Every structure is written in structure tokens, then in C-alpha cells.
Amino acid sequence: MTAAALHLHATMDAESVAIPASCAAQILSIKNLTVSFDGFKAVDNLSMSIDEKELRVIIGPNGAGKTTLLDMICGKTKPTSGSIRFHDVELTRLPEFKIVREGVGRKFQTPSIYEDLTVAENLEISIPQAHGVWASIFFKRTQQVKERIDAIGEQIMLADHLRTKSGKLSHGQKQWLEIGMLLVQDPDLLLLDEPVAGMSPREREQTAELLKTIALGKSLVVIEHDMDFVKSIANKVSVLHQGRLLSEGSVDQVQNDPRVIDVYLGH
Amino acid sequence: MRNIERNSQRAAHLGIAILLLLVLPLTLESFWLGAVSKYLSFAFVAIGVVLAWGYCGILSLGQGIFFGIGGYAMAMFLKLEASAPELPDFMGWSSVEHLPLWWQPFSSLPFTFAAILLVPIIVAFPFAYAIFKKRVSGVYFAIVTMSLALTLTVMIIGQPGGTGGANGITDFKTLLGHDVISDASKRVIYFIEVGLLLLVMTASAWLLHTRFGKILIAVRDREDRVRFSGYDTAMIKAFVFTVAAVLSSVGGALFTLQVGMITPSLIGTVASVEMVIYAAMGGRLSVPGAVVGALVVGFMKSFLSEQFPEIWLFFLGGMFIFVVALLPNGLAGATQSMLRRTLSTKEHP
């Protein structure tokens, strides 16, 4: 099957989802995105879009290009061709820090936090004012700043650990802290790479609740393998395979899609 | 625990202030006080290394470049005043007949001071920003800075008519008519130096306490993540590198003033590596540690080279290996962990 045909099929699937996609505004629109590493196309002519306040989950076997896709959206990897539009801004030409300032937050697969700083300090330096040198030198820890840190600390279930060196947190708590660091930035779009990896079942439930709350106000793109977790959070699922969009729709739809079954059983 | 750390920091600052303002001037004879002021000029450099390397992970093996900028700027002013109205003596030896154009503004003290502060900024910032923007860092950055220090010494030695060559610039007499050689005036310069040093220590400790200070640590540990929090990390690194450069330059100027000379060997690669060792010895995460490191290593150098003129370098080398292998955070780190251990045994006997 050609890429074009696949894309067409995926689009048709998307349209048949119960949620009327047309009435929500698009926040992210990816068109014909390709990246090749020494001739290997990790992402191959991929097109997809994310709506405002949508919680989208991306699944797919290893090497499907999921992480690479997030890397390109947040500027870590530069695409070979194609376009990524966020609101009305073309992201492919911007450096990472400017993409962040446009309102895209990224959480990495392994918790990526500053272990030598406390939880509160981790959150504080993620606050999106004072990115410049002088502004950060003369940054004041105002009441407003403290309240914001407390509120986010509460939301990510680390209110009791604000003064703890973040290197001492459990693995699951580190994952939450990194999500908190994104929330402090107040982005419109959050990209989360396997946010529940290494978490206990209880922590997974709490994380699912957290993500659903976040999705009330923001868009999320989540990479995840655990299908139970996917079911508990997803509005819509995109399946990637060999850098292409294989299928898109509700969890039930993609799980019953013969091509998806074929890819997963074939591996 | 954090309070203990903060209090011990304060105590260390206070201890150094008392040591430098009272104890040493009251107990040391003028020869040794002069030696201490020489060591202290390296303390400025070492504080810069603590900020750039200890807190932001930027290892520069070329701090001698900036030490040299300050040192030579000061030397040019002093030399012009000492030889006026004639040309500086070394120019005559190379049959230079007119004062080179780039020497002329250095007959003005305000210009010289401005040069000491601004030239390192003009050199360090664009260079560092361009390099960090290209994401050259770590060992590669260290090698680049090291080779620049080497280049600079070769250039200076190659132009004896303009720079004094390998012999450097020496034979100063006065500063705006005030004598700079007598013991009494060296004492005055010592107190000016200590005052400046305490100011720099306080400012550095304050800087590390701000949000910017936390960002430095974050850049050191996870530069990627910092980019994804919306920072231009190249700008942050270039800034702190520039601060370190200015501190080096100030140290160089004070060195020239105190010691009465500046030569290429004081600013080359070996000297630059030594400057990093001061900070490593004292503790690369501690501003007071940097000062102690400069004093201890400086004193050891003087003492050992006097006692064991043949083999003193081996002692010095052994000391460095000991510190690097066993005290990764230097003397300050060792003191702190000792303090913590005593306190925790007191709390839970």
C-alpha cells in the first residue's frame, strides 16, 4: 500500500470517529513530514493534526518513529522535509527554546529533571518569565511565584516534597515533577514520551487523572505502550508503523483494525 | 540541612574576611604579605573558575588569556609612566622608534581601567557565544581555550618590540605619582585588593543564590532540558564565561601591580591549567574555597620550591592527584562533609 493511500485511509478513519473533529480548532498541523538518518526514513511523509484540548495517544511498535516525531515537533531533530505548523507558526525553522516560548512543552522518556536542585527550584526555573540573563538575575521570588509553585506542586502530588532535592524522589515522582515543570511553563501543547514508564499501578491511575485534568485546558500528545493506560486516557489514538501513520481513531477502532493487529502480532 | 550549608557558607566568608583584613596583616612580615597579595590575585581567577566550571560545567584552560589582558593593560600604563618621556626601554632594544598606536591610550589611567574591564568582555563574549551556539562544549571547549592561550603567548613572544617579548614588562615605579614599590604602598594595595576580593566574593555568592544561579546548575547537569524550558543556553554559558574572564582580568591587573611584572609564561597554558587547579583544590563548588585554594596552592608553591628546589614540582603534582582522587569537591567539600558528619552524630548519638 502506498503512503498516499495509507494517509487517505487514516484520514477516513479519523473522520468516522464519534467526536466531530471539524468543530474543534486545530492547534498542530503536520504535513508530509519526513526525516531520514543516513537514508533510513525514521518518519516518512507523515501528516496528522491535533485539535485544541485534545488528548492524543500515539502508539506503535519499537522503531515506529514515535519519539522522533516528538523530537521534530519540539525542535530537537530537524526534519528533512515537510512542515509542522503550531497555531500559525512554522516550527521546523525555530530553535528549541523559541519553540518552547511559542507554547510547546516536552517531557522526555527518562525523567529529565535537575537532580541537584529542590523540587521547588526545579519548578521555579521553569516559570516562563525571565528567560534572559538579566531578568533571571533580578528575578524576584514574589508571592505570586510562590503560589504558582505551590499550586503546581499540589497538582503533581508533590506538595509535601517541595524542599526535597529532586534526585531523592522516587522514579514515579520524578516523572510527575517533569510534567509539573511543563505545567509551570503553561504551554498550549504538551508532548509526553511514556509518562507512566516505571510507575506502580496506583501511580498510573493518579497520572491518568492528572493528564485528564490537564487536557481540560490544553492539548496533549502522549506516547504510550500500556494499552490499559491508553484506554483510560485517550480521546483518539494514532498508530505509527515504520515512520508512517498506519491507523487513527478511537481505541476500539484501532484495536480492531486488521492492519494494526497484523503489525503487532507480526512483531 | 540547607540551613547548615548556608550558615557554613556565611561563616567561611566571615572567616576569610577576618583572616585577610586582620590576622595576616598583623602577623606577616612585608615579604610574606606581598606573597599573599600575589596569591590573592589568583583568587579572583579561581572564583571565576568556580562560577564557570563548578556551577555551569564550562572548563576553560585558557583563563590565562584574560589574566594577561588585565595584566598587560596595567603593565602598559605603569611602564609608560615609569619611562616617560622616553619610550619604554625594551622598545629601544628592538629599535622601535615611535610609540605604537595601540600603546598610546594606555597613558590614561581611566582608559586602562576601562580596558581591564571591557577588553575581556569584548574578547570573551562573542567568542564564547559563537562556540556555545555551535554546541561545542566539554573537552572540546577546553582544548580550544587552551590552544588560544598558547597562541597568545607565541604572539607576545614574537613581538618583542611591542610587548617586551619573553621577558615581559617590568621595572615600574609609580602610579599617578604614587610610589608602588615600597612596603608601605604595597600594604595599601594589599588592602585595596582584599576589599575588591570581598566584594567579588559577596557578589558571586549572591549571584549563585538568584534564579540565574539555579539555571547555571541546571545547564551543567541537563543542558537539553534547560533548552526545553525556553532558555537560550548558549547565552547563559557565554555570560558566565564572560564574568569569569573579567574576574581573571582584574586578577591579572592586581598581579602586575603587586608583583611588579607580567610575562608570557604567567599567562600561557601551564599557568592557565594552574588557575583551574586553584579552584579544584579549594573546591569547585565553593567561592570561599576558591580563595583558600589560591592561598594554599600559592603558599605550597613558594614553600616547596624554596625547601626542595630540585623536586618540589613532584610534591605539588602529588598534592593535586590526592585532591582530585580523594576530595572531588576540594577542601571546601571535605570540610563540609566533615561538618555534616559531626552534626548528624550530635543529633543522633
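Residues numbered from 1 in each chain as written. Chains lettered and ligands numbered in written order. Predicted model: local features only at pLDDT ≥ 70, side-chain atom pairs only at ≥ 80, totals over all residues.

S.K.: Where do I start with the overall build of chain A in this structure?
M.R.: Along the backbone of chain A there are 11 helices and 10 strands. Here chain A, with 267 residues, has 45% of them falling under the buried criterion. (Helix = DSSP H or I, 4+ residues; strand = E, 2+ residues; numbered from the N terminus. Buried ≥ 20, exposed ≤ 12 C-beta atoms within 10 Å, placed from the backbone.)

S.K.: Teacher, can you tell me more about the overall build of chain B here?
M.R.: A tally of helices and strands in chain B yields 14 helices and four strands. At 21 Å, chain B has a C-alpha radius of gyration in line with the 20 Å of a compact globule built from 349 residues. The C-alpha extent of chain B, read off along each of the three principal axes, is 75 × 50 × 40 Å. The buried share of chain B, taken over its 349 residues, is 44%. Restricting to contacts in chain B with at least 6 residues of sequence separation, those with at least 24 account for 81%. (Rg over C-alpha atoms; globule rule 2.2 N^0.38 Å. Contact = placed C-beta atoms within 7 Å.)

S.K.: Just checking my understanding: could you explain the packing of helix 2 (residues 30-55) of chain B against helix 8 (residues 183-209) of chain B for this structure?
M.R.: Between two packed helices, both the angle of their axes relative to each other and the distance between the axes serve to describe the pair. All names here are of chain B. The geometry of helix 2 relative to helix 8 is characterised by a closest axis approach of 10 Å and an angle of 20 degrees between their N-to-C directions. It follows that helix 2 is roughly parallel to helix 8 by the angle criterion. Crossing of helix 2 over helix 8 shows left-handed handedness. Residues Ser30, Leu33, Gly34, Ser37, Leu40, Ala43, Phe44, Ile47, Leu51 and Tyr55 of helix 2 form the contact with helix 8, whose participating residues are Asp183, Lys186, Arg187, Ile189, Tyr190, Glu193, Val194, Leu197, Val200, Met201, Ser204 and Leu208. The residue makeup of the contact of helix 2 with helix 8, split by class, is 14 nonpolar, four polar and four charged. (Axes fitted to C-alpha atoms, helices over the stretch in contact; angles between N-to-C directions. Parallel < 35°, antiparallel > 145°, perpendicular 65-115°, else oblique. Left-handed = near helix turned anticlockwise from the far one by under 90°. Nonpolar A, V, L, I, M, F, W, Y, C, P; charged D, E, K, R; others polar.)

S.K.: Could you clarify how one ought to interpret the pairing of strand 4 (residues 81-86) of chain A in this entry?
M.R.: Where a strand is regular, its side chains alternate between the two sheet faces. Residue and element names in this part refer to chain A. In this structure, strand 1 (residues 26-37) lies alongside strand 4, joined through five bridges in antiparallel fashion. Note on strand 4: the bridge partner recorded for Ile30 is Ile84. Looking at chain direction, strand 4 and strand 5 (residues 89-90) are connected through two bridges and run antiparallel. Its bridge partner lying in strand 5, Arg85 is registered against Glu90. Linking two consecutive strands that pair antiparallel, namely strand 4 and strand 5, is a turn of two residues; a positive phi of about 50 degrees is found at His87 within it. (Pairing = 2+ DSSP bridges.)

S.K.: Teacher, can you tell me more about the nonpolar core here?
M.R.: A general feature of soluble globular proteins is that nonpolar side chains tend to end up buried together. Judged by nonpolar contacts, the single largest core of 163 residues is most densely connected at B:Ala43, B:Ala46, B:Ile47, B:Val49, B:Val240, B:Ala290 and B:Ala294. Per-element tally for this core: the top contributor is helix 10 (residues 233-259) of chain B, with 16 residues. Both domains that furnish three or more residues to this core are identified here as domain 1 (1-103 + 190-267) and domain 2 (112-186) of chain A. Not counting residues within four places of it along the chain, the set of residues in contact with B:Ala46 comprises B:Met275, B:Tyr278, B:Ala279, B:Gly282, B:Ala290, B:Gly293 and B:Ala294. (Core = buried A, V, L, I, M, F, W, Y, C linked by C-beta atoms within 7 Å. Domains from an automatic or database assignment.)

S.K.: Explain the pairing of strand 3 (residues 55-59) of chain A here, please?
M.R.: Residues and elements named next belong to chain A. The buried fraction of strand 3 is high, at five of five residues. Side chains Leu55, Val57 and Ile59 of strand 3 all project onto a buried face; the interleaved residues Arg56 and Ile58 project onto the opposite face, where all are buried too. As paired elements, strand 3 and strand 8 (residues 219-223) share four bridges and run parallel to each other. What sits directly across from Arg56, in strand 8, is Val221. Pairing of strand 3 with strand 9 (residues 236-241) involves four bridges; the strand directions are parallel. Within the sheet, the bridge partner assigned to Arg56 lies in strand 9 and is Lys236.

S.K.: Help me out: how do you make sense of the interface of chain B and chain A in this one?
M.R.: Quoted interface sizes are often the accessible area lost when the parts come together. Contacts between chain B and chain A engage 20 residues on the former and 24 residues on the latter. Going through the elements one at a time, helix 9 (211-227) and helix 10 of chain B are the ones with two or more residues in the side of chain B that touches chain A. Among the elements that take part in the side of chain B that touches chain A, helix 9 of chain B stands out by supplying 10 residues, more than any other. For the side of chain B that touches chain A, the class distribution of residues is 10 nonpolar, three polar and seven charged.

S.K.: Where do I start with the domain arrangement of chain A in this structure?
M.R.: Residues and elements named next belong to chain A. Assigned domains within chain A: domain 1 (1-103 + 190-267) and domain 2 (112-186). Contacts between domain 1 and domain 2 engage 10 residues on the former and nine residues on the latter. A per-element tally of the side of domain 1 that touches domain 2 places helix 8 (residues 201-214) first, with four residues. For the side of domain 1 that touches domain 2, a count of residues per class yields six nonpolar, three polar and one charged.

S.K.: Is there a simple way to explain the sheet that holds strand 1 of chain A in this structure?
M.R.: Strand pairing in a sheet takes place through backbone hydrogen bonds and is either antiparallel or parallel in direction. All names here are of chain A. Pairing is antiparallel in the open sheet, where four strands are placed in the order 2-1-4-5. The open sheet has two edge strands, strand 2 (40-51) and strand 5, and neither has a second partner. Helix 2 (residues 66-73) contacts strand 1, strand 2 and strand 4 of the sheet and is inclined by roughly 65 degrees relative to strand 2.

S.K.: Which parts of the structure should I look at to understand the environment of A:Gln155?
M.R.: All names here are of chain A. Along the polypeptide, Gln155 turns up in helix 6 (residues 143-155). Overall, Gln155 belongs to the partly exposed group, with 16 C-beta atoms counted inside 10 Å. Between the C-alpha atom of Gln155 and that of Ser232, which follows or precedes it by 77 residues, the distance is 19 Å.

S.K.: Hey, could you run me through the sheet that holds strand 7 (residues 189-193) of chain A in this one?
M.R.: All names here are of chain A. The six strands lie next to each other as 6-7-8-3-9-10, forming an open sheet whose pairing is mixed. Each of the sheet's edge strands pairs with one partner strand only, and the pair in question is strand 6 (104-107) and strand 10 (244-249). Strand-to-strand twist across the sheet, computed as the mean angle between neighbouring axes with direction ignored, equals 20 degrees. Note: strand 7 against strand 8, five bridges, orientation parallel. Paired with Leu190 across the two strands is Leu220, which belongs to strand 8. Running over the sheet, helix 7 (residues 171-185) touches strand 6 and strand 7 and is turned about 175 degrees from strand 6.

S.K.: How do you make sense of the confidence of the model for chain A when you look at a structure like this?
M.R.: Any region with low pLDDT has predicted coordinates that should not be read closely. Of the residues in chain A, 90% reach a pLDDT of 70 or more, and the chain-wide mean stands at 86. Between residues 1-22 of chain A, whose pLDDT stays under 50, and residues either more than four places distant or in other chains, the model counts 27 contacts. (pLDDT = per-residue confidence, 0-100.)

S.K.: Would you mind going over helix 9 of chain B with me for this structure?
M.R.: Given 3.6 residues to a turn, an α-helix orients residues that are three or four positions apart in the same direction. All names here are of chain B. The end-to-end C-alpha distance of helix 9 is 16 Å, clearly below the 24 Å that 17 residues give at a rise of 1.5 Å each. Taken as a whole, helix 9 carries its principal kink of about 110 degrees at Asp221. Counting buried positions along helix 9 gives 12 out of 17 residues, so the element sits mostly inside the fold. Of all the positions in helix 9, only Arg211, Phe212, Gly213, Lys214, Ile215, Leu216, Ile217, Ala218, Val219, Arg225, Val226 and Arg227 are classed as buried. (Expected span 1.5 Å × (residues − 1). Bend = angle between axes of the 7 residues up to and from the residue.)

S.K.: Even after reading the chapter, I still don't get unusual backbone geometry, so can you show me in this structure?
M.R.: Glycine aside, negative phi is the norm for most residues, and most peptide bonds take the trans geometry. In this model, B:Ala84 is joined to B:Pro85 through a cis peptide bond whose omega is 0 degrees. In this fold, B:Pro85 is placed in the loop between helix 3 (63-83) and helix 4 (89-93). One non-glycine residue, A:Glu194, lies in positive phi territory at about 45 degrees. A tally of 20 C-beta atoms within 10 Å means that A:Glu194 is categorised as buried.

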